[in-house]
Amino acid sequence: MTEIPTHGAATRVVRGACPHDCPDTCALRITVVEGRAIKVQGDPEHPTTHGALCTKVSRYTERTYHAERVLHPLRRVGAKGEGRFERVSWEAALGEIAERLGAIAARDPEAIVPYSYAGTMGLLQGESMDRRFFHRLGASLLARTICSTAGGEALAATYGGKLGMHVEHFAESRLILVWGSNSIASNLHFWTYAQQAKRAGAKLICIDPRKTETADKCHQHIALLPGTDGALALGLMHELVVNDWLDQDYIERYTEGWPKLRARALEWPPERVAAVCGITAGEVRQLARDVGTTQPAAIRANYGLQRVHGGGNAVRLISILPCLTGAWRHRAGGFLLSSSGMIPADRAALQRPDLLGARRPRTINMVQIGDALLADSSPDFGPKIEAIVVYNSNPVAVAPDSARVARGFEREDLFTVVLEHFLTDTADHADIVLPATTQLEQLDVHGSYGHTSVLINEPAIAPQGEARPNTQIFRDLAARMGYTDPCFGDSDETLARQAFGSAVPFDALRERGWWQLPRREAPFAEGGFATASGRCMIDAPGLGVPDFVANHESAQSAPELARRYPLAMISPPARNFLNSSFVNVDSLRAMEGEPLVEMHADDAAARGLSDGQRVRVFNDRGHYECRLAVGARARRGVVNGLGVWWRKLGLSGTNVNQLTSQRLTDFGGGPTFYDCLVEVQACSDAA
Ligand SMILES: Nc1nc2c(c(=O)[nH]1)N[C@H]1C(S)=C(S)[C@@H](COP(=O)(O)OP(=O)(O)OC[C@H]3O[C@@H](n4cnc5c(=O)[nH]c(N)nc54)[C@H](O)[C@@H]3O)O[C@H]1N2
Ligand SMILES: Nc1nc2c(c(=O)[nH]1)N[C@H]1C(S)=C(S)[C@@H](COP(=O)(O)OP(=O)(O)OC[C@H]3O[C@@H](n4cnc5c(=O)[nH]c(N)nc54)[C@H](O)[C@@H]3O)O[C@H]1N2
Ligand SMILES: [Mo]
């Protein structure tokens, strides 16, 4: 059974799954003594978890039993954003929500918007009963774009889906490019395999504007300017062509459109690439030689590189490289950004889009929630947003251009409901806060975007206080709204069985805690891409041949802006936070210290700034105060504002997203967090 037998009747070990938005999706073992979870550990039998957890999740009990957990429904008594609430009963809270949403829906349900992302990646608590509820209601749809859609659509266009190498096989690679990924911070279980490869003699190269802790451990670090990866990939192709390092047989058999891209690549000699990327021509040549002459060669990319204007094109270009060299012929060669296309989740069964009937509500892009909340009714936009229901997300902290996001959430005429564990920056703006259970208190099933097994998470402890799972909250709301469709009666266990249908034997999943999916070990060794033609689509329908697309905010595309704001800012994750989750866990926040911006010594000297000083980072969208860290983690011309702090736990009530823009990627409607020009100066009230 799910419980692992242990000595001593009062002690149980329960099988769980890490719910966080991370490629690793670890299998957990939770030790429970007399109803209290005392330890969260990695499952030693799960192939990619191999018994190890990151620092954050090994402290999961600290988060679950946190003194500031929201344990009862709350109604706002202070001003929006102030965070002052009174305790109310579930009856009163659900009644008020049903009444307010019902009144708005009677006029126009599209004036109601759900807002959720991957606070939990669980298929039940993340995307089941909630979606049924909003589909039945006819609310606006939400485009859940805030992380990965540019890269995701790039993979769909090129390979036919989110498919790639299996993470275990990196251990056998002879060359690994860690491209736009701080693996040690955000993909730790991949790093284990990369280290095995390194010990066996492989060369590791990190391609990242920031000298991350991962770059420290690689043989080489190529610190290109943010948003220039597409140019680097074209330069590599140039060298593969002129040096004849191509696998012509693979190209002819398994790809479509190479002649056009070949012509384009020939316009990108190393000197041109070097000028655009801010690196040397020698670095381009050497990298191309490594890629062109080493087998098997593998690329681990992460979503960091696609959070810029040209992110979609960059992922297309990089994902084509292993087709040109034939790296895919080996199981330890190829490319991995996400393998979530392997997961056989039956989303239609869970989410029931058929409940919309003939209605076709508008779609709001979550990246632009700031503008959306501030928009009036218009023929283009549709009705003004009158209500927003937020769960599994903290948009006031994580969405770009947060001055506008906060202004939107401050609207007196907006009815806001937030399902949360804590009073986050977003929950502080709610009219009603509903207490949600954490992963230790709820049932769920999980896929993964970094390995090929599915997992179950059994509840280990009773719900804290009056907390309820998201599924239960939406079930309760549906009942209050008078929805009698039988699907609102499905229990969590029924949902868990629906999630993978017959693709995964549910009882075996329960027995073991996880289930390994069948897979091809070298997925594209003989083509077999998931595209209509079965080939890698270099020239993709509707998109053509990929090209380098410059940042929205760069000297090249916005010279006047670049004169006023000469520093490019990226805001990658801090190692001990997960987006804005864990920022309120004291021991983890203590490890991160204060919000930081990292800067190269030359840029600091040019501004008369010194290490440890309190600084103001600013652009036309706003300003943000943090501590300056002068040193080698930043390259010249680029500053790194580590994310994503809670605004109220920062130094001046804002965070790094005060500076980022709502502009979108080239395709996929994704965010451009790392496409952002700023200037930095000393704080007048320097501490
Ligand atoms: N500890 C921790 N783990 C996480 C997260 C977290 O917040 N904290 N976030 C999770 C989430 S939501 C996701 S989506 C995944 C992946 O999340 P990602 O955000 O992709 O995670 P990282 O790999 O840490 O960061 C990306 C790397 O890209 C670099 N980068 C920035 N701009 C560019 C660029 O233009 N080109 C290149 N080549 N590199 C660039 C950054 O410096 C950083 O080192 O990780 C997950 N894991
Ligand atoms: N500047 C900058 N901004 C970024 C990024 C960046 O790199 N730089 N990264 C972006 C990326 S990749 C992403 S994915 C987004 C992520 O942004 P979000 O999806 O908002 O992720 P989190 O900040 O982790 O917030 C998740 C919230 O969900 C809550 N939660 C967790 N589990 C449950 C549950 O079971 N029930 C309920 N009701 N609530 C739950 C948590 O308490 C937490 O407050 O942020 C983006 N923002
Ligand atoms: Mo993400």
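Structural data are supplied above this passage.
Criteria and thresholds
- Residues numbered from 1 in each chain as written.
- Chains lettered and ligands numbered in written order.
- Predicted model: local features only at pLDDT ≥ 70, side-chain atom pairs only at ≥ 80, totals over all residues.
- Heavy atoms only, no water.
- Pairing = 2+ DSSP bridges.
- Helix = DSSP H or I, 4+ residues; strand = E, 2+ residues; numbered from the N terminus.
- Axes fitted to C-alpha atoms, helices over the stretch in contact; angles between N-to-C directions.
- Near = heavy atom within 4 Å.
- Polar contact = N/O pair within 3.5 Å; in protein donor to acceptor, adjacent residues only side chain to side chain.
- Areas by Shrake-Rupley, 256 points an atom, 1.4 Å probe, with all protein chains shown as cover.
- Nonpolar A, V, L, I, M, F, W, Y, C, P; charged D, E, K, R; others polar.
- Phe/Tyr/Trp six-rings, centres within 6.5 Å; stacked < 30°, edge-to-face > 60°.
- Buried < 20%, exposed > 50% of the residue type's maximum accessible area, 1.4 Å probe, protein only.
- Core = buried A, V, L, I, M, F, W, Y, C linked by side-chain atoms within 4.5 Å.
- Contact = heavy atoms within 4.5 Å.
- Disulfide = S-S within 2.5 Å.
- 1 Å grid on protein atoms, 1.4 Å probe; cavity = no way out; pocket = protein on both sides within 12 Å on 5 of 7 lines; lining within 4 Å.
- Points joined across faces, edges and corners; volume = space filled by probe spheres on them.
- Left-handed = near helix turned anticlockwise from the far one by under 90°.

A.B. asks: Sorry, what's going on with the sheet that holds strand 19 (residues 453-457) here?
C.D. replies: What holds strands together in a sheet is hydrogen bonding between their backbones, with the strands either parallel or antiparallel. Strand order in the open sheet formed by three strands is 18-19-20, with antiparallel pairing between adjacent strands. The sheet terminates laterally at strand 18 (444-446) and strand 20 (514-516), the two strands that pair on one side only. Averaged over all neighbouring strand pairs, the angle between strand axes comes to 15°, with direction disregarded. Relative to strand 20, strand 19 runs antiparallel, the two sharing three bridges. Bridge pairing in strand 20 places Val454 opposite Trp515.

A.B. asks: Teacher, can you tell me more about the site of ligand 1 here?
C.D. replies: Around ligand 1, 34 residues are found, and the nearest of them are Asn182, Asp208, Asp229, Arg307 and Phe577. Within the contact set of ligand 1, a nitrogen atom lies 3.1 Å away from a backbone nitrogen or oxygen of Ile207. Interatomic distance of 2.7 Å between a side-chain N/O atom of Asp229 and a nitrogen atom of ligand 1. Across the complex, the protein chains shield 99% of the 890 Å² of accessible surface that ligand 1 would expose by itself. When grouped by side-chain class, the residues that make up the shell around ligand 1 number 18 nonpolar, nine polar and seven charged.

A.B. asks: Is there a simple way to explain the packing of aromatic side chains in this structure?
C.D. replies: Centre distance and the angle of the planes are the two values used to describe a pair of aromatic rings. For the structure shown, the criterion picks out 20 aromatic pairs. Ring geometry for Tyr159 against Trp328: centres 5.7 Å apart, planes inclined by 80°, an arrangement best described as edge-to-face. Of this pair, Tyr159 sits in helix 6 (residues 149-159) while Trp328 sits in the loop between helix 15 (311-325) and strand 13 (334-336), and the two are 169 residues apart along the sequence. Pair check on accessibility: Tyr159 and Trp328 agree, each one buried. Measuring from ring centre to ring centre gives 5.1 Å for Tyr391 and Phe474, while their planes differ by 65°; the resulting arrangement is edge-to-face. Of this pair, Tyr391 sits in strand 15 (residues 387-391) while Phe474 sits in helix 20 (residues 470-480), and the two are 83 residues apart along the sequence.

A.B. asks: Just checking my understanding: could you explain the nonpolar core for this structure?
C.D. replies: Inside soluble globular proteins, nonpolar side chains tend to come together where they are buried. Counting 123 residues, the largest nonpolar core has Trp179, Leu232 and Met237 as its most contacted members. Beyond its immediate chain neighbours, meaning those up to four positions away, Leu232 contacts Trp179, Ile207, Leu224, Val273, Cys277, Ile279, Val284 and Leu287. In this structure, Ile104, Ala111, Leu495 and Val504 belong to the second largest nonpolar core, which totals 50 residues.

A.B. asks: So what exactly am I meant to see when it comes to the side chain of Gln220 here?
C.D. replies: Position of Gln220 relative to the elements: it lies in strand 10 (residues 220-222). Owing to a relative accessible area of 17%, Gln220 belongs among the buried residues under this scheme. If sequence neighbours within four positions are ignored, Gln220 has contacts with Lys203, Leu204, Ile205, Cys206 and Asp290.

A.B. asks: Explanation requested: the state of the cysteines in the structure shown.
C.D. replies: Cysteine pairs can be covalently joined through their sulfur atoms, and such a bond is termed a disulfide. As enumerated under the stated definition, the model contains zero disulfides in all. In this model Cys18 remains outside any disulfide bridge; the closest cysteine sulfur is found in Cys26, 6.1 Å from its own. Exposure remark for Cys18: the relative accessible area of 8% places this residue in the buried category.

A.B. asks: How do you make sense of the layout of surface pockets when you look at a structure like this?
C.D. replies: Gaps between atoms show up when a probe of the same size as a water molecule is rolled over them. Approximately 880 Å³ is the volume attributed to the second largest pocket. In terms of lining, the second largest pocket is formed by 30 residues, of which the most central are Tyr117, Met121, Glu127, Lys162 and Arg347. Listed by contribution, the elements that provide at least two residues to the lining of the second largest pocket are helix 4 (123-127), helix 6 and helix 16 (347-351). With four residues, helix 6 is the largest single contributor of residues to the lining of the second largest pocket. In terms of residue class, the lining of the second largest pocket is built from ten nonpolar, 13 polar and seven charged.

A.B. asks: What is the right way to read helix 20 from this model?
C.D. replies: Each α-helix winds once per 3.6 residues, and so residues spaced three or four apart point in a common direction. For helix 20, the buried fraction is high: eight of the eleven residues fall into the buried class. Here helix 20 has its buried residues at Asn470, Thr471, Ile473, Phe474, Arg475, Asp476, Leu477 and Ala478. One or two residues past the end of helix 20 sits Gly482, with phi positive at roughly 85°.

A.B. asks: Looking at this structure, I do not really get the site of ligand 2. What am I missing?
C.D. replies: Taken together, 31 residues are adjacent to ligand 2, and Glu420, Ser580, Ser581, Asn657 and Tyr674 come closest. Taking Glu420, its side chain carries an N or O atom lying 2.5 Å from an oxygen atom of ligand 2. At 3.3 Å from an oxygen atom of ligand 2 is found a side-chain nitrogen or oxygen belonging to Gln442. For ligand 2, whose accessible area on its own is 920 Å², the fraction buried by protein is 97%.

A.B. asks: Sorry, what's going on with the packing of helix 13 (residues 270-277) against helix 14 (residues 281-293) here?
C.D. replies: Helices that pack against each other are described as a pair by the angle of their axes relative to one another and the distance between those axes. Put simply, helix 13 and helix 14 touch, their axes get as near as 8 Å, and they point 115° apart. For the crossing formed where helix 13 meets helix 14, the hand is right-handed. Between helix 13, through Pro270, Glu271, Val273 and Ala274, and helix 14, the contact on the second element is made entirely by Ala281, Val284 and Arg285. Looking at side-chain class alone, the contact of helix 13 with helix 14 contains five nonpolar, no polar and two charged residues.

A.B. asks: In this structure, what is going on with empty space enclosed by the protein? I would like to understand it.
C.D. replies: Scanning the entire structure with this criterion turns up four cavities of 30 Å³ or more. Each pocket or cavity is described by its volume, and for the largest cavity that value is around 70 Å³. Lining the largest cavity are Leu175, Leu177, Val291, Ala297, Ala298, Ile299, Leu321, Pro322, Thr325, Ala327 and Gly334. For the lining of the largest cavity, the secondary-structure elements that each account for two or more residues are strand 8 (175-179), strand 12 (297-301) and helix 15. Of the residues assigned to the lining of the largest cavity, the class counts are nine nonpolar, two polar and no charged.

A.B. asks: Would you explain the environment of Leu305 in this entry?
C.D. replies: Looking at where Leu305 falls in the secondary structure, it is placed in the loop between strand 12 and helix 15. For the pair Leu305 and Gly151, spaced 154 residues apart in sequence, the C-alpha to C-alpha distance is 8.8 Å. With residues near it in sequence (within four places) discarded, Leu305 still touches Trp179, Gly180, Asp229, Gly311, Ala314, Val315 and Ile318.

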